[in-house]
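Structural overview
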Amino acid sequence: MASSSRDLQLDKNTPEKTWKELLSAQEYQVLRQKGTEPPNSGEYNNFYEDGLFVCRACGNPLYTSETKFKSGCGWPAFYDHIPGSVDRHEDVSFGMKRVEITCAKCGGHLGHVFEGEGFPTPTDQRHW
């Protein structure tokens, strides 16, 4: 996130023009246009230090390091989010039914929730 955005109130009412100015081209494509970064390319895929994972667009805390796990999928995986930090939406794109997750504060696309994959986590969910 650009340093000039720290004084701005970034939320679901932030104009797209502002997001285009603040985010890199790849961040804008993923967060605002529901894109996907290439697998194994993100800086947090193999990052396992203690702390919070926040929305790249608005800084809203989304996940704790305690819920991050190695899924082998090529993207950071979490089994649960911080309560109230994520909104869920039905996504029927690409001919399948999935659950999309977005930042509850700014609406930025975070990925999808997958269930029943057999990971040894308390929720048997994978957020990515």
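Scoring rules and cut-offs
Residues numbered from 1 in each chain as written. Predicted model: local features only at pLDDT ≥ 70, side-chain atom pairs only at ≥ 80, totals over all residues. Heavy atoms only, no water. Helix = DSSP H or I, 4+ residues; strand = E, 2+ residues; numbered from the N terminus. Rg over C-alpha atoms; globule rule 2.2 N^0.38 Å. Salt bridge = Lys/Arg side-chain N within 4 Å of Asp/Glu carboxyl O. Buried < 20%, exposed > 50% of the residue type's maximum accessible area, 1.4 Å probe, protein only. Phe/Tyr/Trp six-rings, centres within 6.5 Å; stacked < 30°, edge-to-face > 60°. Pairing = 2+ DSSP bridges.

For the protein, the count of helices and strands is two helices and eight strands. Mapped in sequence order, the helices and strands of the protein form the string α-α-β-β-β-β-β-β-β-β. For 128 residues, the compact-globule estimate of 2.2 N^0.38 gives 14 Å, and the protein sits close to it at 14 Å. Across its three principal axes, the protein shows a C-alpha extent of roughly 40 × 35 × 30 Å.

This brings us to the pattern of salt bridges. Enumeration according to the criterion identifies nine salt bridges in this entry. Across the pair K17 and E21 runs a salt bridge, and its minimum N-O distance is 3.1 Å. With K17 and E21 both in helix α1 (residues 16–22), this residue pair falls four residues apart, about one helical turn. No difference in accessibility class separates K17 from E21, as the two residues are exposed. Between R98 and D91 there is a salt bridge, with its nearest N and O atoms 3.2 Å apart. On the basis of relative accessibility, which here comes to 12%, the residue D91 falls in the buried class. Within this structure, E27, E43 and R56 form a network of salt bridges that share partners.

Attention now goes to the packing of aromatic side chains. Counted by the stated rule, this structure contains eight aromatic pairs. Their ring planes at 15° and their centres at 4.2 Å tell us that Y63 and F78 sit as a pair that is stacked. Of this pair, Y63 sits in strand β2 (residues 61–64) while F78 is found in strand β4 (residues 77–78), placing the two residues 15 residues apart along the sequence. On the basis of relative accessibility, which here comes to 5%, the residue Y63 falls in the buried class.

The next thing to look at is the pairing of β2. By the bridge criterion, three bridges tie strand β1 (residues 52–54) to β2 in an arrangement that is antiparallel. Note that in β2 the partner of F53 across the bridge is Y63. Count of turn residues in the β1/β2 antiparallel hairpin: six residues, of which G59 carries a positive phi of about 85°.

Here we take up the pairing of strand β5 (residues 86–91). When β5 meets strand β6 (residues 98–103), the two strands line up antiparallel, connected through six bridges. The partner of D91 across the bridge, within β6, is R98. In sequence, β5 turns back onto β6 through a hairpin of six residues, with F94 there showing a positive phi of about 60°.

On to unusual backbone geometry. Backbone geometry at N40 places phi at a positive 60°, although glycine is not the residue there. Mapped onto the secondary structure, N40 falls in the loop between α2 (25–31) and β1. The class for N40 is exposed, based on a relative accessible area of 58%. Of note, F94 is a non-glycine position whose phi angle comes to about 60°, a positive value. Among the residues examined, F94 registers a relative accessible area of 71% and is labelled exposed.

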